[in-house]
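# Architecture and fold: a report
The residues making up each chain are set out below.
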Amino acid sequence: MSAADHRRDVGATYRNGGGVKGLVQKVQSPQPSLDDSLEGEVRAFLTDEDQLHTYDDLTKVNPVTPTTVLKCLQARYRVKVFYTHAGCTLVALNPFQPVPDLYCLDVMREYHCAPQPQEFKPHIFIVAEEAYRNVQGQVEPVNQSLVVSGESGAGKTWTSRCLMKYYATVAASSSVVKSQDTVERIERRVLDSNPIMEAFGNACTLRNNNSSRFGKYIQLQLDRCQLLVGASVQTYLLEKTRVACQPDNERNFHIFYQMMEGGTDEQRKEWKTPHGESFAWLPNSEKIVEGDCFQETVEAMVHLGLNAARQREIFRILAGILQLGNVNFSSPMVELQPCNLEEQSKDYLQRAAELLCVPAEELQTCLSVRTLKAGKQSVHKPCAQAECSMRRDCLAKVIYAQLFEWLVTFINNSICADKSTWCNFIGVLDVYGFECFHVNNLEQLCINYANEKLQQHFVAHYLRAQQEEYVSEGLQWSFVKYQDNQSCLDLIEGSPISVFSLLNEESRLNRASDPGTLKMRLEKELCDNANISWDKFSQEPHFTVTHYAGKVHYQIQGMVEKNKDPVPPELVDLLQKSDNPLLHQIFTDQEAENPTSKGLSKVTVVSKFKNSLESLMRILHTTTPHYTRCIKPNPECKPLTFKREEVIMQLEACGIVETIHISAAGFPIRIPFCGFMKRYGLIAKYSNSESGSHRVYVKPDSNTFLRPEVETLLGVVLKQHNLQSESDSSWVHCGRTKVFLTQSMLDLLEDQRKKILCRCAFSIQCCWLRYQRRRLHARQQSATLIQAVVRSWLVRRRVHTWNRAAALIQNTWRKWTSLLKSLAEAELDDAKDLVEEEESVLDPVIRESGSVQLSSLQEPVSVRGWPMGLALAWAPSITMSLTATGFQKLVSVMASLDLPSSRGEYKVETNQYTQGLASIRAQPKGSIKLHYQRSPLLYSDRQPEKKSDVTGFNEILLEKTL
């Protein structure tokens, strides 16, 4: 059944009533236990087992019993579906094998871009996206915490790694503020912190090949744009005893095996670890696990800023620790003498001293001789063989623990953003799972105590707090029984008497610890607590604690010494004198931070761990938690193997069945009236219904006033979706101060709010576009007007320039024509030549010879002559008289005209098209006079045709006589 079908089925029960008041009259809850009255329903439910894998949310199981829940999980695991919703919790089953394409980038984008990720198949990315959207929506409390819990080997480390990869992808890939290189650097460094932390803090155990031997809380820091800008890591209780003491069939920390497998020949030569060398603190080295990837660890160090020199110092320290493991002492031949080194251990001691950069003699002395201070004097006392081994182990543990803390600090300095650049965070909590081994000591007590605190946080936050809040808000609620582990916590950490308080008292006494004495005190002081018991037939001192996940037997032997965690001051002095820069820096800084660290420390291991865990719980209480329960399907870690007994124990221990009961019957979302109206008040304001004009004024601390407004708003939403109420079930309830919602009702409200916001956004976009268009139109009009004014000004300026130029040309032309006219007038003959001579004076022969009768011509006539030329145009019928004074001039004219002799009649030879037109000065009609005078004009001489033998023409001025 999909989420939409589920909404329709639930919504169908609301179509016979109206209003919102009294939507919840009574919420019934089935009994969590499987009794005889439910056997029939269980058998009916399990009849069609082929469809059990389709239940993606265990709240849909009816009836809810351990058997039905187990069957559903088994059916889904069989078809390789590993995630299932259980109300507010996500159940994750470990497949113990790689699952291709389940965590790829495409799947991340699919869940990140989905409008409603809850409608998709259950996945760890749904939890991650819900927390991320809460930060984006600034839903109080804005900061989020993802609590990943489960047994060792259930898959917590892998789940935490997937969460970090998801946020590093979706919260950094869309960055538009920073450069892409900066974003990739932040993402790379946040992700590279995982390989280093796992190499130095994880180990192969009987239950898990990559078991976290420390707890960590990673805060992914987001800026105001919800982009990943940095991260910080807080660690809790590193199991440093594993360095010097590995349980049977278990291994040391991964980093030692990585060095032996991935180190080059040059590096192994520098580390003094030749091939074939065996080390006591490196058991089961033949077993290869996924975490043995030395190159990946080195690359992560490089990306985080650890240069080659610093890496060399780190690996030399680790190699020195391995060499210490092969150093053994033998009892002295003479009493009160220091223990002697075994013959084969001398070389290892020398190697360890060289790698740690300390004198070998001083190292041997610090391991075998204890310094006691009596006033101002120091007394040297040889140590027994067992004490020498203990001091050797203490040296290795303190070096490794301080190196691990230095690495965590370095990682934080590398990936942590400045406080001014981030405002919210999403925390990922990955702590060690509940542990119960054949031999359990202080480490297991602290680990199980941490799991008890987390379980108590879940119980207090969800199971108990929700049911109590239902009653206080006026809901008629039938309480669901659940396992409350508060009594177990009181046993471990309670005041004034508890296991921790008695252990601290015994540790602070300046005397040798006695397991029997501590056992007697526990029996005397804590006998009234039902969660502690003792096996009277056991010969070893121990006590048994009934945890929420089962009973665990704790061995008292060595517990007080581990709680003291003493570090001999001479060892610290020796390490402070080391020539290894990193080792010297670590212990010098520690001495500066804690001057009283030498000798017996007043702060015990359990006190320090309790304080750090309480700090973590304070952070969790100020955030919105999201729970992921990792389930281990089988203890052998075999792929796709489901053992019902193993799974049912984990389901009962973590309270999954009770969680399903409350989630199925209750309201997982509750919002105060003020916050509800602030977020959803716009639905009533912008609704299209009759109450659409209703104005909501939010007044803090006025629940009486706000409740009618809330009911009106909810009525609008339900009416729009055709949902009404019945007395036995609902989607929403108005309490005294809060609104209680189911996830379906919240989806309806969010959808309606989203639609209104879309409409408002559309209106804003329309107004903005209209404003932009108007502004663009106004700008275009202004630009057009400016262009027109500029063009008109340019045209006016050009026309004005043209007018000035034309006037100048005209004036020049007038002057030129006047000049030509004056020059033309100057070409006329003198006045005496212009006066017509009397005919009687002129010789008739000459007169007859000087007269030329021109025939009627239709085209201009050109008269050729040398050295003068005559041009006549359009002379249809004229009589030209040649008047010359002097014989020489007359002969010249006659010769130049080249007149043919024809008894007194002369015709002009037309050579217009052969010689060209030399000059036209007039178009006379009738009789004309030729005035022969050389012209002073510029173009008076020309050569019409290059082939002509004429060398020049002189213009002849004609004067009309008739």
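Read on for an overview of the structure. Just so it is clear, the structure is predicted and the values come from calculations on it, not from any experiment.

A few words on the overall build of the protein. Within the protein, the secondary structure is distributed over 31 helices and 25 strands. Counting all 962 residues of the protein, 48% fall into the buried class. When contacts within the protein are restricted to residue pairs at least 6 apart in sequence, those whose partners lie at least 24 apart make up 72%. Summed over its atoms, the accessible surface of the protein is roughly 48,500 Å², and 53% of this surface lies on carbon and sulfur atoms.

We now examine the packing of helix α5 (residues 124–136) against helix α6 (residues 156–170). In contact at an axis separation of 10 Å, α5 and α6 are set at 50 degrees when each is read in the N-to-C sense. Taken together, the axes of α5 and α6 are oblique relative to one another. Like other packed secondary-structure pairs, α5 and α6 cross with a definite hand, here right-handed. Residues Ile 124, Phe 125, Val 127, Ala 128, Glu 129, Ala 131 and Tyr 132 of α5 form the contact with α6, whose participating residues are Thr 159, Cys 162, Leu 163, Tyr 166, Tyr 167 and Val 170.

Turning our attention to the pattern of salt bridges. Counted under the stated rule, the structure contains 24 salt bridges. Among the ionic pairs, Asp 106 bridges to Arg 109, the shortest N-O distance being 3.2 Å. Taken as a pair, Asp 106 and Arg 109 lie in helix α4 (residues 105–113) at a separation of three residues, close to a single helical turn. Residues Arg 213 and Glu 435 are paired through a salt bridge, measuring 2.7 Å at the closest nitrogen-oxygen approach. Of this pair, Arg 213 sits in the loop between β5 (211–212) and β6 (215–222) while Glu 435 sits in the loop between β12 (424–430) and α15 (442–472), placing them 222 residues apart in sequence.

Time to look at the pairing of strand β15 (residues 550–555). Here strand β14 (residues 542–547) pairs with β15 via six bridges, running antiparallel. Counterpart to Phe 543 in the pairing with β15 is Tyr 554. Linkage of β14 to β15, two consecutive antiparallel strands, is achieved through a turn of two residues.

Let us now look at unusual backbone geometry. The phi torsion of most residues other than glycine is negative, and most of the peptide bonds are trans. Each neighbour pair has its own omega, and for Ser 495 with Pro 496 the value is 5 degrees, a cis peptide bond. Tracing the chain through its elements places Pro 496 in the loop between α16 (486–493) and α17 (499–508). Positive phi, close to 65 degrees, is recorded for Asn 249, a residue that is not glycine. Mapped onto the elements of the fold, Asn 249 is located in the loop between β7 (228–236) and α8 (254–262). Of note in this structure, Leu 640 is not a glycine but carries a positive phi near 50 degrees. The partly exposed category is assigned to Leu 640, whose relative accessible area is 32%.

Core analysis: the biggest nonpolar cluster contains 135 residues, and Phe 200, Ile 255, Leu 318, Leu 363, Ile 399 and Tyr 400 have the highest contact counts within it. When residues in this core are grouped by element, the largest group, 14 residues, is from helix α14 (residues 385–415). Non-local contacts of Phe 200, meaning those with residues more than four positions away in its chain, are made with Leu 238, Phe 253, Ile 255, Met 301, Ile 314, Leu 318, Tyr 400, Leu 403, Phe 404 and Leu 407. Counting residues in hydrophobic clusters, the runner-up holds 47 residues, among them Leu 518, Ile 532, Val 545 and Ile 556.

This brings us to the sheet that holds strand β18 (residues 732–734). Pairing in this open sheet of three strands is antiparallel, and the strands run β17-β19-β18 from one edge to the other. In this open sheet, the two edge strands, each paired with only one partner strand, are β17 (669–672) and β18. Each strand of the sheet is rotated relative to its neighbour by a mean of 15 degrees, with strand direction disregarded.

The next thing to look at is the packing of helix α12 (residues 345–356) against helix α13 (residues 360–368). Each pair of packed helices can be summarised by the angle the axes make with each other and by the distance between the axes. Where α12 meets α13, the closest approach of the two axes is 9 Å, and the angle between their N-to-C directions is 110 degrees. On the basis of the axis angle, α12 is roughly perpendicular to α13. The chirality of how α12 crosses α13 is right-handed. Between α12, through Leu 349, Gln 350, Ala 352 and Ala 353, and α13, the contact on the second element is made entirely by Ala 360, Leu 363, Gln 364 and Leu 367.

Under the defined criterion, the tally for this structure stands at nine cavities of 30 Å³ or more. Estimates place the volume of the largest cavity at around 210 Å³. Around the largest cavity sit 18 residues that line it, and Ser 149, Gly 150, Tyr 548, Arg 629 and Cys 654 are the ones nearest its centre.

The next thing to look at is the packing of aromatic side chains. Inspection of every chain in the model, using the stated rule, returns 24 aromatic pairs. Centroid distance Tyr 132 to Tyr 167: 6.3 Å. Interplanar angle 45 degrees. Geometry classified as tilted. Separated by 35 residues along the polypeptide, Tyr 132 in helix α5 and Tyr 167 in helix α6 bring together distant segments of the chain. Classification of Tyr 167 by relative accessible area gives buried; the value is 2%. Considering the side-chain rings of Trp 271 and Phe 294, the 6.2 Å spacing of their centres and the 80 degrees angle between planes classify their relative orientation as edge-to-face. A residue pair is termed long-range when its members are at least 10 positions apart, and Trp 271 in helix α9 (residues 265–271) and Phe 294 in helix α10 (residues 294–304) qualify at 23 residues. Residue Trp 271 is classed as buried on the basis of its relative accessible area, which comes to 2%. Put simply, the rings of Tyr 103, Tyr 111, Phe 120, Phe 125, Tyr 132, Trp 158, Tyr 166 and Tyr 167 touch in pairs and so form one group of aromatic residues. Lying across the ring of Tyr 257, Arg 251 places its NZ or CZ 3.9 Å from the centre.

Among the structural elements, Asn 252 can be located in the loop between β7 and α8. Separated by 2.9 Å, the side chain of Asn 252 and the backbone oxygen of Trp 281 make a polar contact. Setting aside its immediate chain neighbours within four residues, Asn 252 contacts Ala 203, Cys 204, Arg 242, Val 243, Gln 246, Tyr 257 and Trp 281.

Let's shift gears to the pairing of β6. Counting buried positions along β6 gives eight out of eight residues, so the element sits mostly inside the fold. Side-chain alternation along β6 places Gly 215, Tyr 217, Gln 219 and Gln 221 on one buried face and Lys 216, Ile 218, Leu 220 and Leu 222 on a second face that is also buried. Relative to β7, β6 is paired through eight bridges, and the arrangement is antiparallel. Within the sheet, the bridge partner assigned to Gln 219 lies in β7 and is Ser 232. Linking two consecutive strands that pair antiparallel, namely β6 and β7, is a turn of five residues; a positive phi of about 60 degrees is found at Gln 226 within it. As defined by bridge partners, β6 adjoins β12 across seven bridges and the pair is classed as antiparallel. Directly across from Lys 216, in β12, lies its bridge partner Asp 430.

Here the focus is helix α18 (residues 515–525). Three or more residues of α18 are buried, namely Pro 515, Leu 518, Lys 519 and Leu 522. Along the axis of α18, the buried residues cluster in a sector spanning 100 degrees; they form a single face. Facing away from the buried side of α18 by more than 90 degrees, the exposed set consists of Met 520 and Lys 524. Those residues of α18 hidden inside the fold are in contact with α17, β14 and α19 (559–564).

By the secondary structure assignment, Gly 320 is in helix α11 (residues 308–324). With a relative accessible area of 0%, Gly 320 lands in the buried category. As for Gly 320 and Thr 273, which are separated by 47 residues in sequence, their C-alpha atoms are 9.9 Å apart.

To continue, consider a nonpolar patch on the surface. A cluster of nonpolar side chains, Trp 813, Trp 816, Leu 819, Leu 820 and Leu 823, forms an exposed patch at the surface whose accessible area comes to about 470 Å². Mapped onto the secondary structure, Leu 820 falls in helix α27 (residues 743–827).

By definition, the strands of a sheet pair up through backbone hydrogen bonds, in either a parallel or an antiparallel sense. Taken together, three strands build an open sheet; the order of strands is β13-β14-β15 and the sheet is antiparallel. With partners counted over all chains shown, the strands left at the sheet margins are β13 (532–533) and β15, one partner each. Here β13 pairs with β14 via two bridges, running antiparallel. Pairing of Ile 532 across the sheet is with Val 545, part of β14. Packed onto the sheet, α16 meets β13 and β14 and runs at close to 150 degrees relative to β14.

About the cut-offs
- Residues numbered from 1 in each chain as written.
- Predicted model: local features only at pLDDT ≥ 70, side-chain atom pairs only at ≥ 80, totals over all residues.
- Heavy atoms only, no water.
- Helix = DSSP H or I, 4+ residues; strand = E, 2+ residues; numbered from the N terminus.
- Buried < 20%, exposed > 50% of the residue type's maximum accessible area, 1.4 Å probe, protein only.
- Contact = heavy atoms within 4.5 Å.
- Areas by Shrake-Rupley, 256 points an atom, 1.4 Å probe, with all protein chains shown as cover.
- Axes fitted to C-alpha atoms, helices over the stretch in contact; angles between N-to-C directions.
- Parallel < 35°, antiparallel > 145°, perpendicular 65-115°, else oblique.
- Left-handed = near helix turned anticlockwise from the far one by under 90°.
- Salt bridge = Lys/Arg side-chain N within 4 Å of Asp/Glu carboxyl O.
- Pairing = 2+ DSSP bridges.
- Core = buried A, V, L, I, M, F, W, Y, C linked by side-chain atoms within 4.5 Å.
- 1 Å grid on protein atoms, 1.4 Å probe; cavity = no way out; pocket = protein on both sides within 12 Å on 5 of 7 lines; lining within 4 Å.
- Points joined across faces, edges and corners; volume = space filled by probe spheres on them.
- Phe/Tyr/Trp six-rings, centres within 6.5 Å; stacked < 30°, edge-to-face > 60°.
- Lys NZ or Arg CZ within 6 Å of the ring centre and 35° of its normal.
- Polar contact = N/O pair within 3.5 Å; in protein donor to acceptor, adjacent residues only side chain to side chain.
- Arc of directions from axis to C-beta.
- Patch = residues over 30% accessible without salt bridge, like charges linked within 9 Å, V, L, I, M, F, W, Y side chains within 5 Å.

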